[in-house]
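Given next are the chains, with one letter for each unit.
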Amino acid sequence: MSSIEPAASAAQSRVHAAAQGRWQALPLIADPRLRWGLNLAVLVYIALVWGSTDVNWQRVYQGLDRGAAFVASFMSPDFISRGGDILAGLQESLTMTLVATVIGIVLAVPVGLGAARNIAPAPVYFFCRTLIALSRTFQEIIIAILFVTMFGFGPLAGVFTLAFATIGFMAKLLAEDIEDAMNEPMEAIRATGASWLQWINYAVQPQVMPRLIGLSLYRMDINFRESAIIGIVGAGGIGATLNTSINRYDYDTSAAILLLIIGIVLMSEYFSGYVRQWTQ
Amino acid sequence: MLTLEGLSKRYSTGDLALDQVSLQVPAGQVMALIGPSGAGKSTLIRCVNRLIEPTAGSVVLDDVDITRLRGAGLRQARRQIGMIFQSHALVERLSVMENVLSGRLAYVGFWRSYFRRYPPSDIQQAYLLLQRVGLESMLDKRGDELSGGQKQRVGIARALMQNPKLLLVDEPTASLDPKTSRQIMRLICELSREQHLAAIINIHDVSLAQQFVDRVVGLRAGKIVFDGHPDALTAEILTLIYGEEDWDASRDEAAEQDSAALSQPDPLATIARGAHP
Amino acid sequence: MFANGRNEMPLKLTDNKPEWQRREPLQQYAIWAGWMLGVMLFLLCWKVISDNTIWEFLDDAGAQGLSLVGRMIPLDWSITGSLLLPLWDTLNIATVGTALGVLIAFPLAFLAARNTTPHPALRGLALGVIVSSRSINALIWAMLLVTIVGPGIFAGMLAIALRSIGFVGKLLYEAIEEIQPTPVEAITATGASSNQVLAYGVLPQIMPAFAGITVYRWDINIRESTVLGLVGAGGIGLQMNAAINNLAWGQVATVFVLIFATVVLSEWVSAKVRHAVI
């Protein structure tokens, strides 16, 4: 009872003050100790970061010319000199993306089903959830390094890397969707005596499908962008060529590759918007 | 006080929403605007403060032609026109007090308004208005914590914070239940009379309009087809405005509804009638 | 034909007995054709990949994997002390980078949103910046910046910032386009200036989305920042790179564990904040 009164009288005093022309907006965080604590923490953090960050401003100043050269190179991109490498690299990146996304989505279905608490038995649940956690925690390039060690250089390692990353991404969302899905239709189908597979097909799938299409397209977009990097560690794709051109300050070639990447991402965005409309 | 002269609005699709509307509203007159959907009532109201740009004609408020104004001049003119909306007009995440004070935005500089540093006179006025509409204890409640009727009251207080000369009211009761509708209509009309404001109320509930307003203007297909006293709304006139219908039967029904509402105790009526000047 | 007008589940009369099909025949064929095309494309791409693969390596992939794990397993905890400062650097790269990116993305989103942009040309420009920033990963930005401003965490911070502009900008301008228009109309009708309309009508409506998007991106950026060191842009990636080059897999495993712990923590913080701002 006593905790209600202070709040009520605080509100009353604000009303009273307003009647006399005094009013201030309430702060975002009501608890003053929390508010001051957070503000202090932020200030302390800024001070610490300032202290521990060593920026060599001289070097930055010297580098500005090179920066300008990089920006200027977008006006004169060079698709020709290393055209062969670029074409081969892009081909690898695109094929890797498609194959990895498909394999990843296909495998994500059983993993996602196994990671949904309301339909998976406990050991399966824990195994799948661990798999998903490992896949999502590490950036694709770390996974690429491991797979290159296991499978050797080349796009196969890249396919497995992206597929593994796709599994983690899609399976987690799939599992969440299944866990959130309404129980009534699920039980209704069960009650008709349907087999487990039929149950998945008629009760689980329709509730979960629409979002999955959009997410698959989104993941394909991410996979393409990642495929442009993992080449740095030897997992195929255009990353190797890009890395080389940057290290040699061959900015015209870099600009060409980057423009191609931006162009492909733009096109895929239009395409996915179209597909989403068509499936709606 | 407000003169509309030949006001027209033609949309780029070719639709003529308003066709040479001319009318005069003297200070202190509460006027209802009735008509079927698509007749142009909302368009007319929004052309007055130029939320919609008229394609022809003029809007003159106290010798100032609003249609000729730009930028700061237009904003100054808008200050004098308070507008009350049908629904969703409050900024839901802001408190009641902030919503009411936003009526003074045109009188207060950007940074003062951003940091909510309003002058004490504004705060007192806001408090008094909230008291007048019965919500002074809800100063700090968020907009989305209020009921429909309460939100409308806040909207009314906000409009009056501007100390306007003219009130434009767009379907104030459309999303409210019959009893709250009466309370809100009564509140708007009483406040207009108290502060000697002109008011144009866009409303579809004809019987509700008839009970509270001084003058009724009927709009059909962008043209004025009736302009007179609420009692002059016979069945023939209503047919002219809305089309064929069994008007007498629906009027009896409406009368029954009203008498039922009147027989229930109305605790907020005393507040609406204003204990304080 | 159902009331919604779409011929979704047409009824066919066969021998005067209604037969229910899920789709119109033509639609059915189109879908089959689409699937066939997709499968063919997939097989084509698979061929390209396998042509570039030395399949012999695959035979001992399993053995390789196990031996890799074997080399990692006695984790080398001795380097943990030397990893704390790089971890702190990684955290800063992510946080400062996100802050910088959000600072730029915020006004950019207003320029890119249909309902708040002052001019369609500016809108096009803003959208162009957002798309470019979105298409290029932080690691690529880092590679470029290391050659321009030199190796170190400054390059890392800029790389994260440049990537975040696109992500935050896109989600933010979509949120701006989805606000309710009537409160904005109402504030305009009081005679407020356009800045006041933004501050009172638009800003409060997008605040929850803004906070959620920022924290979400910060969480992703923590992950991204861990690998920037591979190209010299600071953070724990440097230690990881060194350990891998030395084939000191025990140390690599320790780095992995630390990264895992950090990401789990940041995800927890991110979920908590996003939950609190609804």
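Summary of the structure given here. (Residues numbered from 1 in each chain as written. Chains lettered and ligands numbered in written order. Predicted model: local features only at pLDDT ≥ 70, side-chain atom pairs only at ≥ 80, totals over all residues. Heavy atoms only, no water.)

## Topic: the overall build of chain C
From N to C terminus, chain C includes 11 helices and 2 strands. Start at the N end of chain C and walk to the C end: the helices and strands fall as β-β-α-α-α-α-α-α-α-α-α-α-α. For chain C, the proportion of its 278 residues judged to be buried stands at 49%. Taking the intrachain contacts of chain C between residues at least 6 apart in sequence as the baseline, contacts between residues at least 24 apart amount to 69%. With an accessible surface of roughly 13,600 Å², chain C has 69% of that area assigned to carbon and sulfur atoms. Side-chain charges in chain C split into 16 positive and 17 negative, and the spacing between the mean points of these groups amounts to 6 Å. (Helix = DSSP H or I, 4+ residues; strand = E, 2+ residues; numbered from the N terminus. Buried < 20%, exposed > 50% of the residue type's maximum accessible area, 1.4 Å probe, protein only. Contact = heavy atoms within 4.5 Å. Areas by Shrake-Rupley, 256 points an atom, 1.4 Å probe, with all protein chains shown as cover. Lys, Arg positive; Asp, Glu negative; His and termini not counted. Charge placed at Lys NZ, Arg CZ, Asp CG, Glu CD.)

## Some thoughts on the overall build of chain A
The secondary structure content of chain A amounts to 11 helices and 0 strands. Starting at the N terminus and walking to the C terminus, you meet the elements of chain A as α-α-α-α-α-α-α-α-α-α-α. What you see for chain A is a C-alpha radius of gyration of 27 Å, clearly larger than the 19 Å of a compact globule of 280 residues, by over 25%. Taken over the C-alpha atoms alone, chain A extends approximately 80 × 70 × 40 Å along its principal axes. Out of the 280 residues belonging to chain A, those deemed buried represent 45%. Excluding contacts between residues fewer than 6 apart, the proportion of contacts in chain A whose partners are at least 24 apart in sequence is 72%. When the accessible area of chain A is evaluated, it comes to approximately 15,100 Å², of which 67% is carbon and sulfur surface. (Rg over C-alpha atoms; globule rule 2.2 N^0.38 Å.)

## Structural notes on the interface of chain C and chain B
Chain C puts 23 residues into the contact, and the matching count from chain B is 30 residues. A combined buried area of about 2,100 Å² lies between chain C and chain B, and 63% of that area is made up of carbon and sulfur atoms. The largest share of the area that chain C buries against chain B comes from T190, Q196 and Y200 of chain C, three residues that together contribute 32% of it. At the junction of chain C with chain B, the criterion picks out 1 salt bridge. With its nearest N and O atoms 2.8 Å apart, the salt bridge here joins R46 of chain B to E185 of chain C. Only α8 (181-189) and α9 (194-225) of chain C provide two or more residues apiece to the side of chain C that touches chain B. A per-element tally of the side of chain C that touches chain B places α9 of chain C first, with 9 residues. (Buried area = accessible area lost by both parts, 1.4 Å probe. Salt bridge = Lys/Arg side-chain N within 4 Å of Asp/Glu carboxyl O.)

## Points about the pairing of strand β6 (residues 81-84) of chain B
Residue and element names in this part refer to chain B. Burial along β6 is two-sided: the face carrying I81 and M83 and the face carrying G82 and I84 are both buried. In this structure, β6 lies alongside strand β7 (residues 166-170), joined through 4 bridges in parallel fashion. In the strand pairing of β7, M83 is matched with L168. (Pairing = 2+ DSSP bridges.)

## Some points on the interface of chain C and chain A
Contact residues are listed per partner, giving 56 residues for chain C and 57 residues for chain A. Both faces combined, the contact of chain C with chain A buries some 5,100 Å², and carbon together with sulfur accounts for 74% of it. Its largest share of buried area at the contact with chain A, chain C owes to I49, T147 and I148 of chain C, together 11% of the area lost on that side. Summed over the shared surface of chain C and chain A, the number is 3 salt bridges. When the shortest N-O distance is used, the salt bridge between R134 of chain C and E269 of chain A registers 2.3 Å.

## Considerations on the sheet that holds strand β2 (residues 16-25) of chain B
Residue and element names in this part refer to chain B. With antiparallel pairing, 4 strands are arranged side by side in an open sheet as β2-β1-β4-β5. Both edges of this open sheet fall to β2 and β5 (64-65), since each of them pairs with a single strand only. Of the pairings in the sheet, the one linking strand β4 (residues 56-61) to β5 comprises 2 bridges and is antiparallel in character. Looking at β5, one finds that L61 is bridged to V64. Contacting β1 (2-10), β2 and β4, helix α1 (residues 41-48) runs over the sheet at an angle of about 120° to β1. (Axes fitted to C-alpha atoms, helices over the stretch in contact; angles between N-to-C directions.)

## Remarks on the sheet that holds strand β10 (residues 223-228) of chain B
Residues and elements named next belong to chain B. In space, the 6 strands of this open sheet follow the order β6-β7-β8-β3-β9-β10, with mixed pairing throughout. Each end of this open sheet is capped by a strand with a single partner; those strands are β6 and β10. This sheet shows a mean twist of 20° between the axes of neighbouring strands, independent of strand direction. Of the strands in this sheet, β3 (30-34), β7 and β8 (198-202) are in contact with helix α7 (residues 178-194), which crosses β8 at around 160°. Helix α9 (residues 235-242) rests against β3, β9 (215-220) and β10 of the sheet, and its axis sits at about 40° to β9.

## With respect to the nonpolar core
Core analysis: the biggest nonpolar cluster contains 87 residues, and M97, I201 and L233 of chain B have the highest contact counts within it. No other element matches the 9 residues that α9 of chain C contributes to this core. Judged by nonpolar contacts, the second largest core, of 85 residues, contains F147 and L242 of chain A together with I236 and F256 of chain C. (Core = buried A, V, L, I, M, F, W, Y, C linked by side-chain atoms within 4.5 Å.)

## Quick word on the packing of helix α3 (residues 61-72) of chain C against helix α11 (residues 249-276) of chain C
All names here are of chain C. Viewed as axis vectors pointing N to C, α3 and α11 meet at an angle of 80°, and their least axial separation amounts to 7 Å. Viewed along their axes, α3 and α11 adopt a mutual orientation that is roughly perpendicular. Every residue of α11 that contacts α3 at L68, R71 and M72 is listed here: W249, G250, A253 and F256. Taken together, the residues of the contact of α3 with α11 break down into 5 nonpolar, 1 polar and 1 charged. (Parallel < 35°, antiparallel > 145°, perpendicular 65-115°, else oblique. Nonpolar A, V, L, I, M, F, W, Y, C, P; charged D, E, K, R; others polar.)

## Here's the deal with the packing of aromatic side chains
The final tally for this structure, using the stated rule, is 21 aromatic pairs over all chains. For the pair F147 of chain A and F151 of chain A, a centre-to-centre distance of 5.7 Å together with 70° between the ring planes defines the contact as edge-to-face. One end of the pair, F147 of chain A, and the other, F151 of chain A, are both in helix α6 (residues 140-151), 4 residues apart, so they sit about a helical turn from each other. Summarising the burial analysis for this pair, F147 of chain A and F151 of chain A share the class buried. A centroid spacing of 6.1 Å and a plane angle of 25° characterise the contact between W111 of chain B and F115 of chain B, whose relative ring orientation is stacked. Each member of the pair W111 of chain B and F115 of chain B is classed as exposed. An aromatic cluster of three or more residues is present, and its members are F70, F74, Y249 and Y251 of chain A. Above the ring of Y107 of chain B, the side-chain terminus of R104 of chain B is found at 3.9 Å from the ring centroid. The ring of Y200 of chain C carries R116 of chain B above its face, with NZ or CZ at 4.4 Å from the centroid. (Phe/Tyr/Trp six-rings, centres within 6.5 Å; stacked < 30°, edge-to-face > 60°. Lys NZ or Arg CZ within 6 Å of the ring centre and 35° of its normal.)

## Considering the pattern of salt bridges
Per the counting criterion, the structure on display carries 28 salt bridges over all chains. Of the charged contacts in the structure, one is a salt bridge between D144 of chain B and R142 of chain B, with a shortest N-O distance of 2.9 Å. D144 of chain B sits in the partly exposed class, given a relative accessible area of 34%. For R114 of chain C, the salt bridge goes to E177 of chain C, with nearest N and O atoms at 3.6 Å. Of this pair, R114 of chain C sits in the loop between α4 (80-112) and α5 (120-135) while E177 of chain C is found in helix α7 (residues 153-177), placing the two residues 63 residues apart along the sequence. The partly exposed category is assigned to E177 of chain C, whose relative accessible area is 24%.

## Overview of unusual backbone geometry
Even without a glycine there, the phi angle at A221 of chain B is positive, about 50°. Tracing the sequence through the fold places A221 of chain B in the loop between β9 and β10. With relative accessibility at 56%, the residue A221 of chain B sits in the exposed group. Of note in the backbone geometry, L247 of chain C takes a positive phi value of approximately 55° without being a glycine. Topologically, L247 of chain C is positioned in the loop between α10 (236-245) and α11. When its relative accessible area of 57% is taken as the criterion, L247 of chain C is described as exposed.

## As for helix α5 (residues 120-132) of chain B
Residue and element names in this part refer to chain B. Compared with the 18 Å implied by 1.5 Å per residue over 13 residues, the 18 Å span of α5 between its first and last C-alpha is a close match. Those residues of α5 lying buried are D122, I123, A126, Y127, L129, L130, Q131 and R132. After α5 finishes, the residue G134 shows a positive phi value of roughly 85°. (Expected span 1.5 Å × (residues − 1).)

## Examining the packing of α8 of chain C against α9 of chain C
Residues and elements named next belong to chain C. At a closest axis distance of 9 Å, the pairing of α8 and α9 adopts a crossing angle of 160°. Our classification of the angle between α8 and α9 gives roughly antiparallel. Handedness of the α8/α9 crossing: right-handed. Where α8 abuts α9, its residues P183, V184, I187 and T188 lie against Q196, V197, Y200, G201, V202 and Q205. Among the residues making up the contact of α8 with α9, the classes are represented as 6 nonpolar, 4 polar and no charged. (Left-handed = near helix turned anticlockwise from the far one by under 90°.)

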